[in-house]
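# Coordinate analysis (summary)
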Amino acid sequence: MNTTIVAFFNNKGGVGKTSLVYHLAWMYKDLGLRVVAADLDPQANLTAAFLDEDRLEQLWPDGNHHPDTVFGCVQPLIRAIGDIADPHPT
Ligand SMILES: Nc1ncnc2c1ncn2[C@@H]1O[C@H](COP(=O)(O)OP(=O)(O)OP(=O)(O)O)[C@@H](O)[C@H]1O
Ligand SMILES: [Mg+2]
């Protein structure tokens, strides 16, 4: 499989990283590409841009168990109880 990965990073806050990723994801999709947007920012602004409130609350309920998030996938490694779990793209 030939997959292109584009990472957006900048030390400065509020310069438009999230907005750019959000719009580029839609633009690439409209061009016929299959796109996965991976939100690695704990603020989860990109996730909030794509998903409605109800879905966000399902993915991030109160407590520490959030298996369907990126954080949930790396939890087994952080807790030294297993390998990275399979992601659940929404
Ligand atoms: N091209 C643009 N022109 C004007 N305003 C913009 C542009 N891109 C983003 N903004 C606005 O700037 C603000 C910050 O944008 P955004 O959240 O995308 O930045 P960010 O770099 O991801 O911030 P953070 O560092 O907090 O993650 C938002 O209010 C957004 O609507
Ligand atoms: Mg951002």
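Residues numbered from 1 in each chain as written. Chains lettered and ligands numbered in written order. Predicted model: local features only at pLDDT ≥ 70, side-chain atom pairs only at ≥ 80, totals over all residues.

## Some points on the overall build of the protein chain
Scanning the protein chain from terminus to terminus reveals 4 helices and 0 strands. Along the protein chain, helices and strands appear, N-terminal first, in the series α-α-α-α. Judged by the C-alpha coordinates and their principal axes, the protein chain covers about 40 × 35 × 30 Å. When each of the 90 residues of the protein chain is scored for burial, the buried share is 2%. Once local pairs closer than 6 in sequence are excluded, the contacts in the protein chain between residues at least 24 apart make up 26%. (Helix = DSSP H or I, 4+ residues; strand = E, 2+ residues; numbered from the N terminus. Buried ≥ 20, exposed ≤ 12 C-beta atoms within 10 Å, placed from the backbone. Contact = placed C-beta atoms within 7 Å.)

## Observations concerning the domain arrangement of the protein chain
Under the domain assignment, the protein chain is made up of domain 1 (1-50) and domain 2 (52-90). The straight-line distance from the C-alpha centre of domain 1 to that of domain 2 is 19 Å. (Domains from an automatic or database assignment.)

## Examining helix 1 (residues 17-30)
Over its 14 residues, helix 1 runs 20 Å from end to end, which matches the ideal 20 Å to within 8%, given 1.5 Å per residue. Gly-32 occupies a position one or two residues after helix 1 and carries a positive phi of about 100°. (Expected span 1.5 Å × (residues − 1).)

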